[in-house]
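Residues per chain, in single letters:
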Amino acid sequence: MATVTIGLPSEIKQGERRVALTPSAVAFAIEHGHRVLVQAGAGEGAGFPDQAYAAVGATLVDDAAKVWGADVVVKVKEPQESEQAHFRPDLTLFAYLHLAAEPELTAALVSSGTRAYAFETLTDEHGLPLLAPMSEIAGRAAAIVGAAHLSAANGGSGTLAGGAAGVPPAKAVVIGLGVAGTMAARGLRGLDAHVTGVDIDLQRLFDHHLDGTVDATQVSEPELVAHHVREADVVVGAALVPGARAPVVVTEEHVRSMRPGSVVVDLAIDQGGCIATSRPTSLGAPTYVEHGVVHYCVTNVPGQFPRTASAALSAAVAPKLLRLADDVAAGRAGTPQESTVLQGALNVAEGALAHAAVADAFPDQPVREVR
Ligand SMILES: NC(=O)c1ccc[n+]([C@@H]2O[C@H](COP(=O)([O-])OP(=O)(O)OC[C@H]3O[C@@H](n4cnc5c(N)ncnc54)[C@H](O)[C@@H]3O)[C@@H](O)[C@H]2O)c1
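Residues numbered from 1 in each chain as written. Predicted model: local features only at pLDDT ≥ 70, side-chain atom pairs only at ≥ 80, totals over all residues. Heavy atoms only, no water.

1. Some words on the site of the ligand
Link 1 in the chain: Among the 30 residues in the neighbourhood of the ligand, the closest are listed as Ser135, Asp199, Arg204, Ser220 and Asp270.
Link 2 in the chain: Interatomic distance of 3.1 Å between a backbone N/O atom of Leu267 and a nitrogen atom of the ligand.
Link 3 in the chain: Here Thr299 contributes a backbone N or O atom positioned 3.3 Å from an oxygen atom of the ligand.
Link 4 in the chain: The protein chains hide 92% of the 870 Å² of surface that the ligand would expose on its own.
Link 5 in the chain: More than half of the atoms belonging to the ligand lie within 2 Å of the grid points that define the largest pocket.
Link 6 in the chain: Every element with two or more residues in the shell around the ligand is listed here: helix H5 (132-148) and helix H6 (179-190).
Link 7 in the chain: Per element, the largest residue contribution to the shell around the ligand is 3 residues, and it comes from H5.
Link 8 in the chain: Considering only residue class, the shell around the ligand consists of 18 nonpolar, 8 polar and 4 charged. (Near = heavy atom within 4 Å. Polar contact = N/O pair within 3.5 Å; in protein donor to acceptor, adjacent residues only side chain to side chain. Areas by Shrake-Rupley, 256 points an atom, 1.4 Å probe, with all protein chains shown as cover. 1 Å grid on protein atoms, 1.4 Å probe; cavity = no way out; pocket = protein on both sides within 12 Å on 5 of 7 lines; lining within 4 Å. Sits in = over half its atoms within 2 Å of the grid points. Helix = DSSP H or I, 4+ residues; strand = E, 2+ residues; numbered from the N terminus. Nonpolar A, V, L, I, M, F, W, Y, C, P; charged D, E, K, R; others polar.)

The following block contains the structure:
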């Protein structure tokens, strides 16, 4: 089998300190017969020094352009504007892309001819195996930041999540009880807040009702969600339709009805947000206040826990990356013969969109046969 060069660039998104592959995952790829170019410093923020990559046989490179010159580039976050200059027809990209919320990136990928596979739409019999590890971390983090921003010192209403003797606990509403929502609910309940879980999937509500992840469940219909949101101290947004723009479950009217100093944490912001008043924020400036409500809408929440997040992400990505590299080497990538472990991941190929939900978000872009 031909050797493929895999590039591992440093992340440049604001506050992002994760790396897509740990040294042990790089060793795995090299043992498998591939060559790996690592940008110097790529793993530093996550606790993996250059020497650790060199020790397993990676080639350390200072110049980002050289790393992006690899056959397959694997990275964490969607390419930022300056990185899009590296797109070219014989490049295969494997990363979080969240294209439904990224029209400029989508247009750049389509016009460049780059073949782009998204972590977040890769599907297996259990769900979304490359999204789940980061959703788990983001969900846990949402509980922490949601409760912390209720503090008066952080601009919140001064409500303690767990209340006190004779004083009821804070009320939290979690929209979408998938991986991120479940972990957020568990975290908030761990702080003794009262948690209502909202979903459109009745089976999921039933399961969580039985297992006690939440105190109460609510089927997701805007009019029914309205009164829970009005009463809530914290709302966590975690609703997802894979590949598509997030459904807007909490309207501006609902947010306006909330008590001043309440908090919304919209994790679904990476897919456009499921709270109408959400707009993307960064780890450097994570919040803004609208209608008196503190909004935390960071698109890369796990980026602030890079040790845990890089190890979890790399473990999930590495086996899929090897199959992708093998497919690129064999000329099967993007064809019906490519590995089934990449199912659902192909978003852009040969200058057209290749994922149904992403194509629905961009009716003006060319579409090739979607799988
Ligand atoms: N901001 C970040 O840093 C960050 C990090 C990780 C994940 N995320 C995002 O968190 C979101 C959730 O991810 P996940 O892995 O938990 O997804 P998931 O597929 O496990 O769960 C999504 C849930 O949303 C529910 N849902 C769909 N439409 C709904 C609606 N209209 N109302 C209520 N519920 C609805 C689904 O039934 C499902 O239970 C995604 O957008 C993901 O990209 C963000």
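2. A few points about the sheet that holds strand S15 (residues 352-353)
Link 1 in the chain: Pairing is mixed in the open sheet, where 8 strands are placed in the order S3-S2-S1-S4-S5-S6-S14-S15. Edge positions in the sheet fall to strand S3 (59-61) and S15, since each has one partner strand and no second. (Pairing = 2+ DSSP bridges.)

3. So, the domain arrangement of the protein
Link 1 in the chain: When cut into domains, the protein gives domain 1 (5-121 + 305-361) and domain 2 (132-299).
Link 2 in the chain: Put simply, the middle of domain 1 and the middle of domain 2, counted by C-alpha atoms, are 31 Å apart.
Link 3 in the chain: On the domain 2 side, the residues contacting the 20 residues of domain 1 number 15 residues.
Link 4 in the chain: Buried surface at the junction of domain 1 and domain 2, both sides included, amounts to about 1,300 Å², of which 65% is carbon and sulfur.
Link 5 in the chain: Where domain 1 touches domain 2, the interface holds 0 salt bridges.
Link 6 in the chain: Between domain 1 and domain 2 we count 6 residue pairs in polar contact (both at pLDDT 80 or more) in total.
Link 7 in the chain: When residues of the side of domain 1 that touches domain 2 are traced back to their parent elements, those giving at least two are helix H10 (306-330) and helix H11 (356-361).
Link 8 in the chain: Of all the elements, H10 adds the most residues to the side of domain 1 that touches domain 2, at 5 residues.
Link 9 in the chain: Within the side of domain 1 that touches domain 2, the residues separate by chemical class into 10 nonpolar, 6 polar and 4 charged. (Domains from an automatic or database assignment. Contact = heavy atoms within 4.5 Å. Buried area = accessible area lost by both parts, 1.4 Å probe. Salt bridge = Lys/Arg side-chain N within 4 Å of Asp/Glu carboxyl O.)

4. A look at the packing of H5 against H10
Link 1 in the chain: Packing of H5 against H10 leaves a shortest axis separation of 9 Å and a crossing angle of 160°. Classed by the angle they form, the pair H5 and H10 counts as roughly antiparallel. The hand of the H5/H10 crossing is right-handed. Counted together, Pro133, Met134 and Ile137 of H5 and Thr308, Ala309, Ala312, Leu313 and Ala316 of H10 form the full contact between these two elements.
Link 2 in the chain: The residue makeup of the contact of H5 with H10, split by class, is 7 nonpolar, 1 polar and no charged. (Axes fitted to C-alpha atoms, helices over the stretch in contact; angles between N-to-C directions. Parallel < 35°, antiparallel > 145°, perpendicular 65-115°, else oblique. Left-handed = near helix turned anticlockwise from the far one by under 90°.)

5. Details of the layout of surface pockets
Link 1 in the chain: Computed from the structure, the largest pocket encloses a volume of approximately 1,000 Å³.
Link 2 in the chain: In this structure, the largest pocket is lined by 47 residues; those nearest its centre are Leu131, Ser135, Val179, Ala238 and Leu240.
Link 3 in the chain: Those elements giving two or more residues to the lining of the largest pocket turn out to be H5, H6, strand S8 (194-199) and helix H7 (202-211).
Link 4 in the chain: Counting residues per element, the lining of the largest pocket draws most heavily on H5, which supplies 4 residues.
Link 5 in the chain: Structurally, the lining of the largest pocket is a two-domain feature, drawing no fewer than three residues from each of domain 1 (5-121 + 305-361) and domain 2 (132-299). (Points joined across faces, edges and corners; volume = space filled by probe spheres on them.)

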